[in-house]
Amino acid sequence: MKMQAQKLLAIIMVAIMVLVSVPFTVGAETYTSADGFTMNWSFDPDSGILEISGKGIPHFKSTADVPWYKYHNEIKEIKLADTISMIGNRAFADCENLEEIVIPDRVSSLGDSAFARCKSLKSIVIPDGLRVIFFATFWECTSLESITIGKSLMFIGNTAFSKCTSLKSITVEEENEH
């Protein structure tokens, strides 16, 4: 009987060691919005990386509707697939520890408050394909120091960069005629 208990304990210990050594991703799921956007997303709590693929990120009426919002304080980096064509309202609002995001060239618009209160974001590059930044998109990104604007940006909404108290430089590509 004692030998069986020792074997069982050894099996349990091996199982625990295997589970601990495997990278763990939480919240991996597919999300389809009312307006037809389907996207896949996953969050790795160890690295703080949120990955999203699909055609676009829809508009959300409130941050409570954002499927990854329960991880908003843990997100440090966002990796978007090159297929993403828009980032909707409030998509990444309140991600206070977000330090890095590369906006794909295919993205043509950034919605209202899409990155509002991302207080650890230090720089942002607006890609050449982006044409519109809506209302309060980067509102209160208090660590934002530099913005690089691509050649196609035509419209920046009211308060898009309001309360960005650390902003030191804005670079606009020479080819931008707007």
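So, how was this worked out
Residues numbered from 1 in each chain as written. Predicted model: local features only at pLDDT ≥ 70, side-chain atom pairs only at ≥ 80, totals over all residues. Heavy atoms only, no water. Helix = DSSP H or I, 4+ residues; strand = E, 2+ residues; numbered from the N terminus. Buried < 20%, exposed > 50% of the residue type's maximum accessible area, 1.4 Å probe, protein only. Contact = heavy atoms within 4.5 Å. Areas by Shrake-Rupley, 256 points an atom, 1.4 Å probe, with all protein chains shown as cover. Salt bridge = Lys/Arg side-chain N within 4 Å of Asp/Glu carboxyl O. Core = buried A, V, L, I, M, F, W, Y, C linked by side-chain atoms within 4.5 Å. Pairing = 2+ DSSP bridges. Axes fitted to C-alpha atoms, helices over the stretch in contact; angles between N-to-C directions. pLDDT = per-residue confidence, 0-100.

What follows concerns the overall build of the protein. Of the regular secondary structure elements, the protein holds one helix and 12 strands. Order of helices (α) and strands (β) in the protein, N terminus to C terminus: α-β-β-β-β-β-β-β-β-β-β-β-β. Looking at the 178 residues of the protein, the share that counts as buried comes to 39%. Pairs at least 24 residues apart make up 36% of the contacts formed inside the protein by residues separated by at least 6 positions. Carbon and sulfur atoms provide 55% of the accessible area of the protein, an area that totals close to 10000 Å².

Per the counting criterion, the structure on display carries three salt bridges. Asp94 serves as the salt-bridge partner of Arg117, at 2.5 Å between the closest nitrogen and oxygen. Of this pair, Arg117 sits in the loop between strand 7 (109–110) and strand 8 (123–126) while Asp94 is found in the loop between strand 5 (86–87) and strand 6 (100–101), placing the two residues 23 residues apart along the sequence. Judged by relative accessible area, Arg117 falls into the partly exposed class, the value being 24%. Glu175 is the salt-bridge partner of Lys151, the closest N and O atoms lying 3.7 Å from each other. Placement of Lys151 in the loop between strand 10 (146–149) and strand 11 (155–156) and of Glu175 in the segment after strand 12 (169–172) is noted, with a sequence separation of 24 residues between them. Residue Lys151 is classed as partly exposed on the basis of its relative accessible area, which comes to 36%. Since its relative accessible area comes to 52%, Glu175 is described here as exposed.

What follows concerns the nonpolar core. Ile57, Trp68, Ile87, Phe92 and Phe138 are the most contacted members of the largest nonpolar core, which has 40 residues in total. Looking at this core, the elements with two or more residues in it are strand 2 (38–44), strand 3 (49–54), strand 4 (77–80), strand 8 and strand 10. Broken down by element, this core gets its largest block of residues, three residues, from strand 2. Dropping the residues within four chain positions of it, Phe92 is found in contact with Leu50, Ile52, Ile57, Trp68, Ile78, Leu80, Ile87, Ile101, Ala114, Phe115, Ala116 and Cys118.

This part is about the sheet that holds strand 10. The strand order 8-10-12 describes an open sheet built from three strands, whose pairing is parallel. Whereas interior strands pair on both sides, the edge strands pair on one side only; in this sheet they are strand 8 and strand 12. Across the sheet, the mean angle from the axis of one strand to that of its neighbour is 10 degrees, orientation sign disregarded. Note: strand 8 against strand 10, four bridges, orientation parallel.

Chain-level pLDDT for the protein is 89 on average; 85% of the residues reach the 70-or-more range. Taken together, the stretch residues 14–24 has pLDDT below 50 and engages in three contacts with residues farther than four places along the chain or on a different chain.

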